[in-house]
Amino acid sequence: MFAELPTPPQDPILGLAKLFAQDRADNKVDLGIGVYKDERGEVPILRSVKQAESWLAAHQKSKSYLSSIGNPDFNRLIGELVLGAESDALRRSQTIQTPGGTGALRVAADLLHKLRPHRRIFIPSRTWANHQPLFLAAGLEVVPYPYYDVTRGELQFEAVLAALAEMTREDVLLLHGCCQNPTGADFDSAQWRAIAELLVRTGAVPLVDLAYQGFAVGLREDAAAVALLASRLPELLVASSCSKNFALYRERVGALTVIGAREADAATARAHALIVARTNYSMPPDHGAAIVACILGSDPLRGEWEQELRAMRERIKAMRVQLVANLEAHGARDLQFLAHQRGMFALLGLSAQAVEALRIRHHVYITGSGRINVAGLTPDNVARVAAAIAAVRDG
Ligand SMILES: Cc1ncc(COP(=O)(O)O)c(C=O)c1O
């Protein structure tokens, strides 16, 4: 059986990581994979996480099974983080722990498909590389909507509204809660209100991917779109991730929050989501969620985490500003938009040849789509990276 299998295409980001590992240059820079790095270029373990781990090591009494729901404290605290502790929508919401944000998206997709097999999901035309394959694997029909003009560095909001006007109540709309990956371009508040009105009008159900809460402006501000949608709409799904904001990538911590018109509807939706979980991975891994519950449930640890999160956010913003200043110094004056966009990612609008030249001539690794991870820039490498980008743009 296996002997006849063709070799599948390599995941482009993992392929890039392999090329980076093989590159012997000491000044190589990895702006590919989406992880936050500190000013030394390292992916740190947060101090709050280390403290929570010590506490758990001393106090955890059992490694027995929990259940498909995961850690109930984690679920309650994440529900409050995502919707706001004072939100009316909490009452008609249910949260389950999932293996990362990816697990949340997949449980949501399987659930949506199970409830209606011929369902369409509208996704932005520039989006996280795993969205389309994940939704297709779950059996959904994927409909891309226009989102972003790469050359101008601008959201195409009129085109978004026009494309989404044809949605019906059978459809699902995928939205990035904040820090859109890969463009860094988010809807402003007026645009979010227009999206909410469009959802009310069409009856389509939003699925919000909230993978970067706290990386744009602040914890509450970055979940303002979720709060708005929850206040305007009867039903909503939110896939959230603790990979980036708690730097817990490999621990696989995420959550799916379902909001129904009534408390009982959310409970029924959760029961169906739990069947999806049970028949896939049975139960989510515990350690990362236990850490998050420990941090969010303790005022001092939460305070420390919020400070660490603020430091990550501010560093990303500072690197955006420095990148633009350095690009301008090299004559690239049309990329100012990079300084105002949000989160870890930005699209440089480079050709495939320019991306290759960056890698081969300058040892700067970015994805084939021309996406850079701004969080891979440091005060030490930003000038060199800017010079390399300006050089490959000039040909
Ligand atoms: C937009 C988006 N959604 C979801 C995820 C998945 O995150 P996780 O590692 O928690 O599965 C990512 C990860 O990069 C992402 O960028």
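**Digging into the site of the ligand**
Right, so step 1: Around the ligand, the structure places 13 residues, and the nearest of them are G100, G101, T102, S241 and S243.
Right, so step 2: Per-element accounting of the shell around the ligand gives the leading share, 3 residues, to helix α4 (residues 100-115).
Right, so step 3: Residue composition of the shell around the ligand, grouped by class: 3 nonpolar, 9 polar and 1 charged.

**As for the packing of helix α12 (residues 299-329) against helix α15 (residues 382-393)**
Right, so step 1: In contact at an axis separation of 9 Å, α12 and α15 are set at 50° when each is read in the N-to-C sense. Regarding the angle of α12 to α15, the classification is oblique. Crossing hand, α12 versus α15: right-handed. Where α12 abuts α15, its residues M319, Q322, L323, N326 and L327 lie against V382, A383, A386, I389 and A390.

**Some remarks on the sheet that holds strand β3 (residues 120-124)**
Right, so step 1: Pairing is mixed across the open sheet formed by 7 strands, whose spatial order is β2-β10-β9-β8-β7-β3-β4. Pairing within the sheet leaves two strands with one partner each, and these edge strands are β2 (93-98) and β4 (141-145). Taking the axes of each pair of neighbouring strands and ignoring which way they run, one obtains an average angle of 20° across the sheet.
Right, so step 2: Across 5 bridges, β3 lies against β4 in parallel orientation. Looking at β4, one finds that P124 is bridged to Y145.
Right, so step 3: α4 rests against β2, β7 (172-176), β8 (205-210), β9 (236-241) and β10 (254-259) of the sheet, and its axis sits at about 155° to β9.

**Re α15**
Right, so step 1: For α15, built from 12 residues, the straight-helix expectation of 16 Å at 1.5 Å per residue is met to within 8% by its first-to-last C-alpha distance of 16 Å.
Right, so step 2: Three or more residues of α15 are buried, namely V382, V385, A386, A388, I389, V392 and R393. The buried residues of α15 occupy an angular sector of 160° when the element is viewed end-on, so they sit on one face.
Right, so step 3: Taken together, the buried residues of α15 touch β1 (29-30), α12, α14 (352-362) and β12 (364-365).

**Some points on the environment of G254**
Right, so step 1: Positionally, G254 belongs in strand β10.
Right, so step 2: In the structure, G254 is positioned 34 residues away from G288 in sequence and 9.1 Å away in space, judged by C-alpha atoms.

**With respect to the domain arrangement of the protein chain**
Right, so step 1: Once the domains are mapped, the protein chain shows domain 1 (11-45 + 312-393) and domain 2 (65-297).
Right, so step 2: Each of domain 1 and domain 2 was reduced to a C-alpha centroid, and the two centroids are 28 Å apart.
Right, so step 3: Every contact between the two is made by 21 residues of domain 1 and, on the other side, 19 residues of domain 2.
Right, so step 4: Within the residue set of the side of domain 1 that touches domain 2, elements represented by two or more residues are α12 and β11 (345-347).
Right, so step 5: In terms of residue class, the side of domain 1 that touches domain 2 is made up of 13 nonpolar, 5 polar and 3 charged.

The rules we used
- Each chain carries its own residue numbering, running from 1 in the written order of its sequence.
- Local features in this predicted model are restricted to residues whose pLDDT is 70 or higher, and side-chain atom pairs enter the listing and the counts only when it is 80 or higher, whereas totals over whole chains, interfaces and linings include all residues.
- In this entry, near means the residue's backbone-placed C-beta atom lies within 6 Å of the molecule or strand.
- Helix and strand assignments come from DSSP, with helices taken as H or I runs of at least 4 residues and strands as E runs of at least 2, each series counted from the N terminus.
- Only Asp, Glu, Lys and Arg are considered charged in this grouping, and only Ala, Val, Leu, Ile, Met, Phe, Trp, Tyr, Cys and Pro are considered nonpolar; every other residue, Gly among them, is considered polar.
- Angular values range over 0 to 180 degrees, each being the angle between N-to-C directions of two axes fitted as lines to C-alpha atoms, with helices fitted over their stretch in contact.
- Orientation is classified from the angle alone, with under 35 degrees giving roughly parallel, over 145 giving roughly antiparallel, 65 to 115 giving roughly perpendicular, and any other angle giving oblique.
- Crossing handedness: left-handed means the near helix sits turned counterclockwise from the far one by under a right angle, and right-handed means the same turn made clockwise.
- Placing a C-beta atom from the backbone of each residue, one calls two residues in contact when those atoms lie within 7 Å.
- Pairing between strands requires that DSSP locate at least two bridges from one strand to the other.
- A helix is expected to span 1.5 Å for every residue after the first.
- We call a residue exposed when 12 or fewer other C-beta atoms sit within 10 Å of its C-beta, buried when the count reaches 20 or more, and partly exposed for counts in between; the C-beta positions come from the backbone.
- In this description, the arc belongs to the directions extending from the helix axis to the C-beta atoms.
- Boundary definitions for the domains trace back to an automatic or database domain assignment.

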